[in-house]
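Topology and contacts: notes
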Amino acid sequence: AQTVTQSQPEMSVQEAETVTLSCTYDTSENNYYLFWYKQPPSRQMILVIRQEAYKQQNATENRFSVNFQKAAKSFSLKISDSQLGDTAMYFCAFIKAAGNKLTFGGGTRVLVKP
Amino acid sequence: SAVISQKPSRDICQRGTSLTIQCQVDSQVTMMFWYRQQPGQSLTLIATANQGSEATYESGFVIDKFPISRPNLTFSTLTVSNMSPEDSSIYLCSVKGRNTEAFFGQGTRLTVV
């Protein structure tokens, strides 16, 4: 079974600064996908970024980028130029390439301060 | 991407009653997923709903408590039966996208009093 661990329950960052969220996972699979989801107070789960395990290049989406270290089973998210709208819960998630079930980490609450 | 409409968005229910949550997708999908998110917690998969067959439940969840219907490829319902305060959670439906990512409905915030 897969497990996903987010070791930081809460992070705060000043507006325009950078914050990095950690995520580690455990799996015996070689092909899989990793995601970061954002959940603002509205409850809507929003996909932030997606990484395919067979791609060495780290995914980037505007101000969001990941540091994917496959050997270390690490998948951190960097939020650059933080904005007030980035305040939310962030969940790291894992799915096997041929699977259907997402496994979520416990979440990290990010607070962006003005 | 898929657009998922989920309702109700929130409800306050008396213990012992049941609530049915609806999930409508704007495209046909083979599988729909139902998650529970207890206060301050992460998402836990309740069951996978396939059209034309019974839902597959995860460990710790049973059909009598969480009956699911899947009458067609764009719609599903989850019922939370005989509710107790411990059932107070956010319930979310989800579908799998073309690129393996999951798309979610807006969630239903359930409070049982």
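Scroll up to find the structure.
In what follows, the accompanying structure is described. (Residues numbered from 1 in each chain as written. Chains lettered and ligands numbered in written order. Predicted model: local features only at pLDDT ≥ 70, side-chain atom pairs only at ≥ 80, totals over all residues. Heavy atoms only, no water.)

Points about the packing of aromatic side chains
Under the defined criterion, the tally for this structure stands at 14 aromatic pairs over all chains. Pairing Tyr25 of chain A with Tyr32 of chain A gives two aromatic rings, centres 5.4 Å apart and planes at 65°, and the pair type is edge-to-face. Overall, the relative accessible area of 2% leaves Tyr32 of chain A in the buried class. Where Tyr35 of chain B meets Phe104 of chain B, the ring centres are 5.7 Å apart and the plane angle is 50°; that geometry is what we call tilted. Placement of the pair is Tyr35 of chain B in strand 4 (residues 31-37) and Phe104 of chain B in strand 10 (residues 102-104), with a sequence separation of 69 residues. The pair Tyr35 of chain B / Phe104 of chain B is uniform in exposure class, with both members buried. Taken together, the ring pairs connect Phe35, Tyr37, Phe91 and Phe104 of chain A together with Tyr35 and Phe104 of chain B into an aromatic cluster. (Phe/Tyr/Trp six-rings, centres within 6.5 Å; stacked < 30°, edge-to-face > 60°. Buried < 20%, exposed > 50% of the residue type's maximum accessible area, 1.4 Å probe, protein only. Helix = DSSP H or I, 4+ residues; strand = E, 2+ residues; numbered from the N terminus.)

Some words on unusual backbone geometry
Residues Lys7 of chain B and Pro8 of chain B are joined by a peptide bond in cis, for which omega reads 5°. Positionally, Pro8 of chain B belongs in the loop between strand 1 (4-7) and strand 2 (10-13). Phi is positive for Ala16 of chain A, close to 80°, though the residue is something other than glycine. When you line up the elements, Ala16 of chain A lands in the loop between strand 2 (10-14) and strand 3 (19-21). One non-glycine residue, Arg43 of chain A, adopts positive backbone phi at about 85°. Turning to its location among the elements, Arg43 of chain A is positioned in the loop between strand 5 (32-39) and strand 6 (46-52).

Some remarks on the state of the cysteines
Considering all chains together, one arrives at two disulfides over all chains under this definition. Here Cys23 of chain A engages in a disulfide with Cys92 of chain A; their sulfurs sit 2.0 Å apart. On the S-S bond that ties Cys23 of chain A to Cys92 of chain A, the torsion sits near -70°, and the link is left-handed. Here the residue Cys23 of chain A occupies a position in the loop between strand 3 and strand 4 (24-26), and Cys92 of chain A occupies one in strand 10 (residues 88-96), the gap between them amounting to 69 residues. The class for Cys23 of chain A is buried, based on a relative accessible area of 1%. Two residues, Cys23 of chain B and Cys93 of chain B, share a disulfide whose sulfurs are 1.9 Å apart. Taking the sign of the torsion about the S-S bond as the criterion, the disulfide between Cys23 of chain B and Cys93 of chain B, at about 75°, is right-handed. (Disulfide = S-S within 2.5 Å.)

Such coordinate-based values are descriptive only and should not be taken to indicate function.
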